[in-house]
Amino acid sequence: MAGSQCSGCPSASSCSTEQRENCSSSKEPQITTEPANKYSKIKKVIGIVSGKGGVGKSFVTASLASAVKKAGFQTGIMDADITGPSIPKMFGVSAEAYGNEEGMILPVETKNGIKLISISLLMENPSDPVIWRGPVIGGAVRQFWTDVVWGELDYLFIDMPPGTGDVPLTVFQSIPVDGIIVVTSPQELVQMIVEKAFRMAEMMNIPVLGAVENFSYFKCPDCGKQIRLFGESQIDETARKLAIPVLGKLPLDPQMAQAADQGVFFEKECPYLDAAVEVLKKL
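Let me begin by describing the structure that accompanies this report. Just so it is clear, the model here is predicted, and its values are computed rather than measured. (Residues numbered from 1 in each chain as written. Predicted model: local features only at pLDDT ≥ 70, side-chain atom pairs only at ≥ 80, totals over all residues. Heavy atoms only, no water.)

Their axes nearest at 9 Å, the elements helix α6 (residues 190-203) and helix α7 (residues 235-242) cross at an angle of 30°. Classified by chirality, the crossing of α7 by α6 is right-handed. Residues V190, Q191, V194, E195, F198 and R199 of α6 form the contact with α7, whose participating residues are I235, T238, K241 and L242. Considered class by class, the residues forming the contact of α6 with α7 number five nonpolar, two polar and three charged. (Axes fitted to C-alpha atoms, helices over the stretch in contact; angles between N-to-C directions. Helix = DSSP H or I, 4+ residues; strand = E, 2+ residues; numbered from the N terminus. Left-handed = near helix turned anticlockwise from the far one by under 90°. Contact = heavy atoms within 4.5 Å. Nonpolar A, V, L, I, M, F, W, Y, C, P; charged D, E, K, R; others polar.)

Structure follows, in structure tokens:
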């Protein structure tokens, strides 16, 4: 279709002026953030992003939210990874989210007092796949902001799907995000992963608070030696290049993975994100 082509494509000369103006690659993203509803007073909104999947972004989101909650702040999590929601499982949450008489959605509270909304809490069968197109997914995420009764929160963490597609764009355009934290892993492609997320946030004028490296190393249970299963870390060099701080390096910990599967990971100590918590406190 001509209307979906950018100005650099071979058929661009056949596009009308209106079609060219509507081409997403020919203009800067528009920011039209919406206020929270009258039942929600949220001081800071933090997006947790990654340039690719499989780096443990949801685990970092849940760990950060738990650390901030433990520090005495009222905390919530918006699970915006609509097609791959995993946050409820990590907290052992299986209850359904319900609406009130005004049609607003009431979030579910985790065992450690974090308010949580996820598409899996609104489905009759949480194991059913979400087979929706981008605009529908984006609309659901927007409703998580406008129609959920969050109450008074110091921090709302948004666990976004990987990449720079529809949902991250919807979040950045419609929700007043105060900053993002980029999650990555030690492989050599880390620079590309971090830079992709960094550039998107830069285009949307959203501050990048720092980066967290997951799967940084494995600590031998016998000798205590740190084993770099995925190679030497690249995060410090990349962070220096982008002038952002490294906010934590999380090891590959089988005990934490098992606790997450059991829905009780927040009961274990996780000191690796202390620097990230301090940055969030200063916002």
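Structure shown, so let's carry the discussion forward.
Here we come to the packing of aromatic side chains. For the coordinates displayed, the defined rule picks out seven aromatic pairs. With 5.6 Å between their ring centres and 50° between their planes, F59 and F265 make a pair best called tilted. Of this pair, F59 sits in helix α2 (residues 57-70) while F265 sits in the loop between α8 (254-261) and α9 (274-281), and the two are 206 residues apart along the sequence. Given a relative accessible area of 2%, F265 falls into the buried group. On the basis of an interplanar angle of 40° and a centroid distance of 6.0 Å, the ring pair of F215 and F230 is categorised as tilted. Of this pair, F215 sits in the loop between β9 (208-213) and β10 (218-219) while F230 sits in the loop between β11 (226-227) and α7; the two residues are 15 residues apart in sequence, bridging distant segments of the chain. (Phe/Tyr/Trp six-rings, centres within 6.5 Å; stacked < 30°, edge-to-face > 60°. Buried < 20%, exposed > 50% of the residue type's maximum accessible area, 1.4 Å probe, protein only.)

Between side chains of opposite charge, a pair can form when the charged atoms approach closely. Throughout the structure, instances matching the rule amount to nine salt bridges. For D159, the salt bridge goes to K57, with nearest N and O atoms at 2.8 Å. With D159 in strand β7 (residues 151-159) and K57 in helix α2, this residue pair connects regions lying 102 residues apart in the sequence. Like K57, D159 is buried. When the shortest N-O distance is used, the salt bridge between E202 and R199 registers 3.3 Å. A residue pair is termed a helical-turn pair when its members lie 3 or 4 positions apart in one helix, as E202 and R199 do in helix α6 at three residues. A relative accessible area of 36% means that R199 is categorised as partly exposed. Counted as one network, the salt bridges with shared partners bring together K57, D81 and D159. (Salt bridge = Lys/Arg side-chain N within 4 Å of Asp/Glu carboxyl O.)

Along helix α5 (residues 166-174), the residues classified as buried are V167, P168, T170, V171, F172 and S174. Where the residues of α5 are buried, they touch β1 (40-49), α4 (134-146), β7, β8 (179-184) and α6.

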